[in-house]
Amino acid sequence: MGAERELTDDEGHPVRLGEVRRIVSLVPSLTEAVAVTAPGLLVGATDWCTHPAGLDVPRIGGTKNPDVPRILALRPDLVIANEEENRAPDLAALRAGGAAVWTTRVRDLDQALRSLHRLLAHACRLPEPDWLAAARAAWDAVPAPTAPAGAVAPIWRRPWMVLGPDTFAADLLRRLGVTVLTAGHAGRYPRVPLPELRAAGAEFLALPDEPYRFTATDGPDAFPDLPYALLSGRHLTWYGPSLAEAPAVLTAQLAARHGRG
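First things first, this report covers the structure right here in the doc. Computed from a predicted model, the values in this text were never measured in an experiment. (Residues numbered from 1 in each chain as written. Predicted model: local features only at pLDDT ≥ 70, side-chain atom pairs only at ≥ 80, totals over all residues. Heavy atoms only, no water.)

1. What about the nonpolar core?
No. 1: Core analysis: the biggest nonpolar cluster contains 58 residues, and Ile23, Leu78, Leu173, Tyr239 and Leu243 have the highest contact counts within it.
No. 2: Counting residues per element, this core draws most heavily on helix H4 (residues 109-123), which supplies seven residues.
No. 3: Counting 15 residues, the second largest nonpolar core, distinct from the first, contains Val192, Leu194, Leu197 and Tyr228. (Core = buried A, V, L, I, M, F, W, Y, C linked by side-chain atoms within 4.5 Å. Buried < 20%, exposed > 50% of the residue type's maximum accessible area, 1.4 Å probe, protein only. Helix = DSSP H or I, 4+ residues; strand = E, 2+ residues; numbered from the N terminus.)

2. Details of the packing of aromatic side chains
No. 1: Tallied over the full model, the rule gives five aromatic pairs.
No. 2: Look at Trp160 and Phe214: their rings are 6.0 Å apart centre to centre, the planes differ by 15 degrees, and that puts the pair in the stacked class. Placement of the pair is Trp160 in the loop between strand E8 (154-156) and strand E9 (161-162) and Phe214 in the loop between strand E11 (204-208) and strand E12 (228-231), with a sequence separation of 54 residues.
No. 3: Among the residues examined, Phe214 registers a relative accessible area of 3% and is labelled buried. (Phe/Tyr/Trp six-rings, centres within 6.5 Å; stacked < 30°, edge-to-face > 60°.)

3. Side note on the pattern of salt bridges
No. 1: Enumeration over the complete set of coordinates arrives at 19 salt bridges.
No. 2: Where Glu6 meets Arg16, a salt bridge forms, and the shortest distance between an N and an O atom there is 3.1 Å. Separated by 10 residues along the polypeptide, Glu6 in strand E1 (residues 5-8) and Arg16 in strand E2 (residues 14-17) bring together distant segments of the chain.
No. 3: Since its relative accessible area comes to 47%, Arg16 is described here as partly exposed.
No. 4: Salt bridges sharing partners connect three or more residues here, namely Glu83, Glu84, Arg107, Asp166 and Arg188. (Salt bridge = Lys/Arg side-chain N within 4 Å of Asp/Glu carboxyl O.)

4. Focus on the sheet that holds strand E10 (residues 178-180)
Strand pairing in a sheet relies on backbone hydrogen bonds. The paired strands run either parallel or antiparallel.
No. 1: Read from one edge to the other, the open sheet built from four strands follows the order E10-E7-E11-E12, with strand pairing classed as parallel. Here the strands that pair on one side only, and so sit at the sheet edges, are E10 and E12. Strand-to-strand twist across the sheet, computed as the mean angle between neighbouring axes with direction ignored, equals 40 degrees.
No. 2: Note that E11 and E12 share four bridges and pair parallel. Paired with Leu207 across the two strands is Leu230, which belongs to E12.
No. 3: Against the sheet, helix H9 (residues 246-255) touches E10, E11 and E12, its axis set at about 155 degrees to E12. (Pairing = 2+ DSSP bridges. Axes fitted to C-alpha atoms, helices over the stretch in contact; angles between N-to-C directions. Contact = heavy atoms within 4.5 Å.)

Below is the structure:
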């Protein structure tokens, strides 16, 4: 059971693992995934790891500035990370310190479900959790959209940044009948001047509450002629247990648009 194995993470890095009993997570959604599936394994998490509620583990700094010596002092069998959420130099420093680091890569829903299965079932040798099967079933039950609506989906303000099409969140929106518009700018999270966003031809604004906390008074004010939908950032951008309820939550929020064109 404790024999070493050599696996490959989502980024193609070799990861040597024995029995995984101690995990440090550098990604909020993966923290929730491990804590819900096998709570006794988690021995460290970032300051941004807010779920599940009441999570009581040592904190090791932020996703972009983790305390590497503190992480190594926790003696993790596995550190879990994400190629977009975490910085390559920090992960390299952890590997240099002797930590086994598993890096996930997620661009769409199918990739997220595969990645979660590989992490939990293969790397951690856990039974596949019920919530992962429920997430598959929930998204399989979403009907194919018939008349997609174009939306500007900002993730930041000052400067304005929006979701690009090659992102996990954009894929979820696409499955729910929303096409993200970037005013012709390339990139996964392009910076787009406000006048160009206003002229993008959007039917509405899709405003998540993270990473920037858009609200009814912060965001719609810049687009006075557009209806807007306030979305749960956790259900739109996290890949973990929240995926099981995400279709219902996001569908209801998209339907409850405010304002008028």
